[in-house]
Amino acid sequence: MAHHGRYDSTLTKKSIAKKERAKSKSGKGKNLEEENDFIISSTDKDKGVVIETRYNEATILYNGNLITAQLRKGINAVCNQTVFPGDIVVLEKEKSEQYSMVNLIERKNILSRVKRDSTRNNISAGSNHNVAANIDVAVIVVSAKTPPLHPKFIDRYLMILQDNAIDCIICLNKSDLKTENDERILDLYREIKIPVIETSATNNSGIEELKKKIRGKQAIFVGHSGVGKSSLTNALMDTDIIKTSHTSSKTGKGRHTTTTSKYYIWDENSSIIDTPGIRSLDISSFEPEEIKLYFPEFDDWSGRCKYADCLHYREPQEGCMVKQAVQSGIISRQRYGSYIRILKEVVNEKDKNDEEGWDIGD
Ligand SMILES: Nc1nc2c(ncn2[C@@H]2O[C@H](COP(=O)(O)OP(=O)(O)OP(=O)(O)O)[C@@H](O)[C@H]2O)c(=O)[nH]1
Ligand SMILES: [Mg+2]
Ligand SMILES: [Zn+2]
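Since the structure is predicted, the reported quantities are computational estimates derived from the model, not experimental observations.

Novice: Sorry if this is basic, but what is going on with the site of ligand 1 here?
Specialist: Near ligand 1 lie 21 residues; those nearest to it are Ala201, Thr202, Ser225, Lys229 and Ser231. In the environment of ligand 1, a nitrogen atom lies 2.8 Å from a nitrogen or oxygen atom belonging to the side chain of Asp176. The contact in question runs from an oxygen atom of ligand 1 to an N or O atom on the side chain of Ser231, over 2.5 Å. With the chains in place, 79% of the 660 Å² that ligand 1 exposes on its own is no longer accessible. A per-element tally of the shell around ligand 1 places helix α7 (residues 229-236) first, with three residues.

Rendered as structure tokens:
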């Protein structure tokens, strides 16, 4: 077998499925890039990286300086729904000496489908929840104890990252508070060959290792509120780093909760995007039969089940190789349990939206 259930961010099967899905969903003129010919694959013209967007303008890193640019007049869109941090835009100077964004360079990937924490959710209805583009590595930050480590969130995030073709690292922060149970959970991911590192922003352990893993890349920190994404960003910073964003606002309790994504430039080739904590991930657009593809440890067994399109769920165990692998301990019970929970959630979502329903019961 060429790969043993390895996490793979470049699964073409999935990427194709996703493009098809996007096509069929963007029915009526939603595809502004196509309409405007806004996305191009390359150019010799001046380019900059989007750092921060506002309604009608963006902060751009251009030749080592931060400038403000608007979308060129006639491009039928608003800035904060058209370009995202990490996007590479083509710039032109207008007669007024103001810079305009006149084109967008084709994205390597875009992180989307992240639901904001509902308690401070101010994303307007219909927004597509895009977070950032051209990400080289996503660091899924989790923590020991406060909040406690749970695989549920990691498993969902792994689906979304694979779907968006984004490489990832799992980072257990607050390793100073780590328990044996945390260690067992991390082993689940080491087994499927996802890089796992342990850090403590408090005592600085693991920070150098994290630095090595993300230097030279455009990295994004994602995870629940309070796991230490901002603390890690601070710990990673040395004097080379230019802080480019507004400082975080304080909540009533004086906690520095991040409320908008912040882009930090590290050096010419490195940056960190610190994102606000999220409570839930939107996985409703996945198809039920697609979910197993995101559990790479099923790959060696999936194709050998007796039943066509086996969901490895209600099918009898004698014909389901995945269930047998779970039974014999080759596939982790916890990961399989996660798969079933996600499957049920997606099916319930489909039942709500679709006329025909999708009953797999319990
Ligand atoms: N014990 C311990 N506490 C930590 C560590 N890192 C961060 N903390 C604490 O955890 C709390 C939350 O840290 P933040 O960095 O604000 O967490 P965040 O992930 O940015 O949270 P949001 O911005 O709300 O998403 C703070 O009180 C930190 O001091 C660590 O390694 N060990
Ligand atoms: Mg934060
Ligand atoms: Zn099966």
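Novice: I'm lost on the packing of aromatic side chains in this one. Help?
Specialist: Each pair of aromatic rings is reported with the distance of its centres and the angle of its planes. By the definition in use, this model includes eight aromatic pairs. Between Phe286 and Tyr294, the ring centres sit 5.1 Å apart and the planes meet at 80°, which makes this aromatic pair edge-to-face. For the pair formed by Phe286 and Tyr294, the shared burial category is buried. Ring geometry for Phe295 against Phe298: centres 5.4 Å apart, planes inclined by 25°, an arrangement best described as stacked. For Phe295, a relative accessible area of 0% translates into the label buried. What makes Phe298 buried here is its relative accessible area of 0%. Among the aromatic residues, ring-to-ring pairing joins Phe295, Phe298, Tyr336 and Tyr339 into one connected group.

What counts, and at which threshold
Residues numbered from 1 in each chain as written. Chains lettered and ligands numbered in written order. Predicted model: local features only at pLDDT ≥ 70, side-chain atom pairs only at ≥ 80, totals over all residues. Heavy atoms only, no water. Near = heavy atom within 4 Å. Polar contact = N/O pair within 3.5 Å; in protein donor to acceptor, adjacent residues only side chain to side chain. Areas by Shrake-Rupley, 256 points an atom, 1.4 Å probe, with all protein chains shown as cover. Helix = DSSP H or I, 4+ residues; strand = E, 2+ residues; numbered from the N terminus. Phe/Tyr/Trp six-rings, centres within 6.5 Å; stacked < 30°, edge-to-face > 60°. Buried < 20%, exposed > 50% of the residue type's maximum accessible area, 1.4 Å probe, protein only.

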